[in-house]
Amino acid sequence: MAKKQAAEPDEVKLKKKIAAKRADHGNPEGDTTLRSLKKRLKREQRKRRALAQRKKRAAGSKGAAATPASA
């Protein structure tokens, strides 16, 4: 069986969590949970960009025109 895709990607969930934490917090620099959420978000973004780069390189010259990078 194939894995089920999440209804919304982790990146979107993390962005929502960060926005919610920022809204109800007075001192965002001192909050360790907010910092860890930001780090997780950055990790997810790096994974997405690395995957897009790998796909682009694997496709070679024909892949540049065939599959545009996802935004």
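Residues numbered from 1 in each chain as written. Predicted model: local features only at pLDDT ≥ 70, side-chain atom pairs only at ≥ 80, totals over all residues. Heavy atoms only, no water.

**Considerations on the overall build of the chain**
Secondary structure assignment for the chain yields three helices and zero strands. Scanning the chain from its N terminus toward the C terminus, one meets helices and strands in the order α-α-α. Looking at the 71 residues of the chain, the share that counts as buried comes to 13%. Only carbon and sulfur atoms are counted for the fraction: they give 54% of the accessible area of the chain, which is about 6300 Å². (Helix = DSSP H or I, 4+ residues; strand = E, 2+ residues; numbered from the N terminus. Buried < 20%, exposed > 50% of the residue type's maximum accessible area, 1.4 Å probe, protein only. Areas by Shrake-Rupley, 256 points an atom, 1.4 Å probe, with all protein chains shown as cover.)

**A look at the pattern of salt bridges**
Close approach of charged atoms lets side chains of opposite charge pair. The full count for this structure, using the stated rule, is two salt bridges. Between Glu11 and Arg48 there is a salt bridge; the shortest N-O distance is 3.0 Å. On the criterion of sequence distance, the pair formed by Glu11 in helix H1 (residues 10-23) and Arg48 in helix H2 (residues 32-59) is long-range, its members being 37 residues apart. Taking relative accessible area as the criterion, Glu11 reaches 14% and is therefore assigned buried. On the basis of relative accessible area, Arg48 is assigned to the partly exposed category, the value being 30%. Here Lys47 ties to Glu44 by a salt bridge, and the two come within 4.0 Å at their closest N and O atoms. With Lys47 and Glu44 both in helix H2 and three residues apart, the pair spans about one turn of that helix. (Salt bridge = Lys/Arg side-chain N within 4 Å of Asp/Glu carboxyl O.)

**A few points about the nonpolar core**
Leu14, Ile18, Leu34, Leu37 and Leu41 form the largest nonpolar core, which has five residues in total. Of all the secondary-structure elements, those providing two or more residues to this core are H1 and H2. Of all the elements, H2 adds the most residues to this core, at three residues. For Leu37, the contacting residues outside a window of four places in its chain are Leu14, Lys17, Ile18 and Lys21. (Core = buried A, V, L, I, M, F, W, Y, C linked by side-chain atoms within 4.5 Å. Contact = heavy atoms within 4.5 Å.)

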